[in-house]
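# Residue-level structure breakdown
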Amino acid sequence: MIQTDPLLAPTRLLDFESPAIAALLVARGWKALPPDARIGAIYDFVRNEIAFGYNRADDIPASQVLVDGFGQCNTKGTLLMALLRGAGIRCRLHGFTIHKALQRGVVPELVYPVAPAEILHSWIEVETGATWIDLEGFILDAPYLTALQRAFSDSDSLCGYGAGTECLNSPSVEWTGASTYIQKTGIARDLGTFETPDQFYDLHRQAFGQLRDWLYRHIVRHWMNARVRRIRDGRLPLKPGTARLNHRHEGDAHAA
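Residues numbered from 1 in each chain as written. Predicted model: local features only at pLDDT ≥ 70, side-chain atom pairs only at ≥ 80, totals over all residues. Heavy atoms only, no water.

## Notes on the overall build of the protein chain
- If you tally the helices and strands in the protein chain, you get 7 helices and 10 strands.
- For the protein chain, whose C-alpha radius of gyration is 18 Å, the value lies close to the compact-globule estimate of 18 Å for 256 residues.
- C-alpha atoms of the protein chain, sized along the principal axes, occupy 60 × 40 × 30 Å.
- For the protein chain, buried positions account for 53% of its 256 residues. (Helix = DSSP H or I, 4+ residues; strand = E, 2+ residues; numbered from the N terminus. Rg over C-alpha atoms; globule rule 2.2 N^0.38 Å. Buried < 20%, exposed > 50% of the residue type's maximum accessible area, 1.4 Å probe, protein only.)

## Digging into the packing of helix H5 (residues 142-151) against helix H7 (residues 210-232)
- Packing of H5 against H7 brings their axes to within 8 Å, and their N-to-C directions diverge by 65°. With respect to H7, the element H5 is oriented roughly perpendicular. Within the contact between the two elements, H5 uses Pro143, Tyr144, Ala147 and Leu148 and H7 uses Val228, Ile231 and Arg232.
- Broken down by class, the residue content of the contact of H5 with H7 amounts to 6 nonpolar, no polar and 1 charged. (Axes fitted to C-alpha atoms, helices over the stretch in contact; angles between N-to-C directions. Parallel < 35°, antiparallel > 145°, perpendicular 65-115°, else oblique. Contact = heavy atoms within 4.5 Å. Nonpolar A, V, L, I, M, F, W, Y, C, P; charged D, E, K, R; others polar.)

## Some words on the environment of methionine 224
- When you line up the elements, methionine 224 lands in helix H7.
- The class of methionine 224 is buried, set by a relative accessible area of 5%.
- Between the alpha carbons of methionine 224 and alanine 27 there is a distance of 32 Å; along the sequence they are 197 residues apart.

## Overview of helix H2 (residues 35-49)
- Between its first and last C-alpha atoms H2 spans 21 Å; for 15 residues at 1.5 Å apiece the expected length is 21 Å, and the two agree.
- The complete set of buried residues in H2 reads Arg38, Ile39, Gly40, Ile42, Tyr43, Phe45, Val46 and Arg47.
- Against the buried residues of H2 lie helix H1 (19-28), helix H3 (62-68), helix H4 (73-86), strand S4 (118-128), strand S5 (131-135) and H5. (Expected span 1.5 Å × (residues − 1).)

## Thoughts on the nonpolar core
- With 65 residues, the main nonpolar core has Leu79, Leu83, Leu135 and Leu148 as its most contacted residues.
- Among residues more than four places away in sequence, those in contact with leucine 148 are Leu140, Leu158, Tyr161, Ala163, Leu168, Ile231 and Leu236. (Core = buried A, V, L, I, M, F, W, Y, C linked by side-chain atoms within 4.5 Å.)

## Structural notes on the packing of aromatic side chains
- Tallied over the entire structure, the rule returns 10 aromatic pairs.
- A ring pair is formed by phenylalanine 52 and tyrosine 144, whose centres lie 4.9 Å apart and whose planes are at 65°; its orientation type is edge-to-face. Of the two residues, phenylalanine 52 is situated in strand S1 (residues 51-52) and tyrosine 144 in helix H5; the sequence distance between them amounts to 92 residues. When sorted by exposure, phenylalanine 52 lands in the same class as tyrosine 144, which is buried.
- Relative to tyrosine 201, the ring of phenylalanine 200 has its centre 5.0 Å away and its plane inclined at 50°; by these criteria the two rings are tilted. (Phe/Tyr/Trp six-rings, centres within 6.5 Å; stacked < 30°, edge-to-face > 60°.)

## A closer look at the sheet that holds strand S3 (residues 91-99)
- Pairing is antiparallel across the open sheet formed by 4 strands, whose spatial order is S5-S4-S3-S8. Every interior strand has two partners, whereas the edge strands, S5 and strand S8 (187-194), have only one. Sheet twist, expressed as the average angle between the axes of neighbouring strands with direction ignored, equals 30°.
- Looking at chain direction, S4 and S5 are connected through 5 bridges and run antiparallel. Looking at the pairing, valine 126 lines up with isoleucine 133 of S5.
- Along the sheet, H2 contacts S4 and S5; its crossing angle with S4, the most-contacted strand, is approximately 155°.
- In this fold H4 packs onto S3, S4 and S5, with an angle of close to 20° to the strand it touches most, S4. (Pairing = 2+ DSSP bridges.)

## Thoughts on unusual backbone geometry
- Although it is not a glycine, tyrosine 161 adopts a positive phi angle of roughly 60°.
- Within the secondary structure, tyrosine 161 is located in the loop between strand S6 (158-160) and strand S7 (163-165).
- We classify tyrosine 161 as buried; its relative accessible area is 0%.

## What about H7?
- The terminal C-alpha atoms of H7, which comprises 23 residues, lie 31 Å apart, in line with the 33 Å expected from a rise of 1.5 Å per residue.
- The largest bend in H7 comes to about 55°, at tyrosine 216.
- Within the span of H7, buried status applies to Tyr216, Val220, Arg221, Met224, Asn225, Ala226, Arg227, Val228, Arg230 and Ile231.
- Positive backbone phi, at 90°, marks glycine 234, one or two positions downstream of H7. (Bend = angle between axes of the 7 residues up to and from the residue.)

## Focus on the packing of H1 against H4
- Where H1 meets H4, the closest approach of the two axes is 10 Å, and the angle between their N-to-C directions is 60°. On the basis of their axis angle, the class for H1 and H4 is oblique. At the point where H1 passes H4, the crossing takes the right-handed sense. For the pair H1 and H4, contact is made by Ile21, Leu24 and Leu25 and by Leu79, Ala82, Leu83 and Gly86, respectively. (Left-handed = near helix turned anticlockwise from the far one by under 90°.)

See below:
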């Protein structure tokens, strides 16, 4: 019996054998690249061709994230893992929670008080040579990150609008063969490493509750995605405690 490397295997969520992902892998020619370039090309695709945004749930298959064309830390991470494994790159998931303050400015102020204090988060660990590298900098697409950099050009520290960093104007988000981060300073708890996102979500679920989960899926996430689009366009809703800097803010501290 042929033994499959568990860090290269497909799963329900890592469905890289699905027609859409298999076709993408062939069309981009990633498998023909040397390993380091292969990782970088796939990373850049997920970072910039899959926009930052909020899907209906964390535990959706990679093929659905690809169809959506957007995602956040967990869902973009699932797609990144599927593409890496489909291209023969070993990878695993490292789970965390982050403080909800990191999402302030994206989460509408009317909703923020009832949002969970900690939000489920993850980054991807990829094997390169004899080393494991953390990949988290793929979460925010370049136009969205550029909008934040322009808005907060007077400060390198930001915890909000989906970013958690002490080096906003020069964050380690480009693939150079080293670890990348963009939400690291918002981490609350370390939940450990997992071979697959399936295992992670079997043990850890976002603590919304039935009503808040329904509201998130059907109303709140669409509201959040509209705010993300405005932020990407340079129209940032001003979150409480944020000074007006060199940018156009939309609304005031109490704007929804």
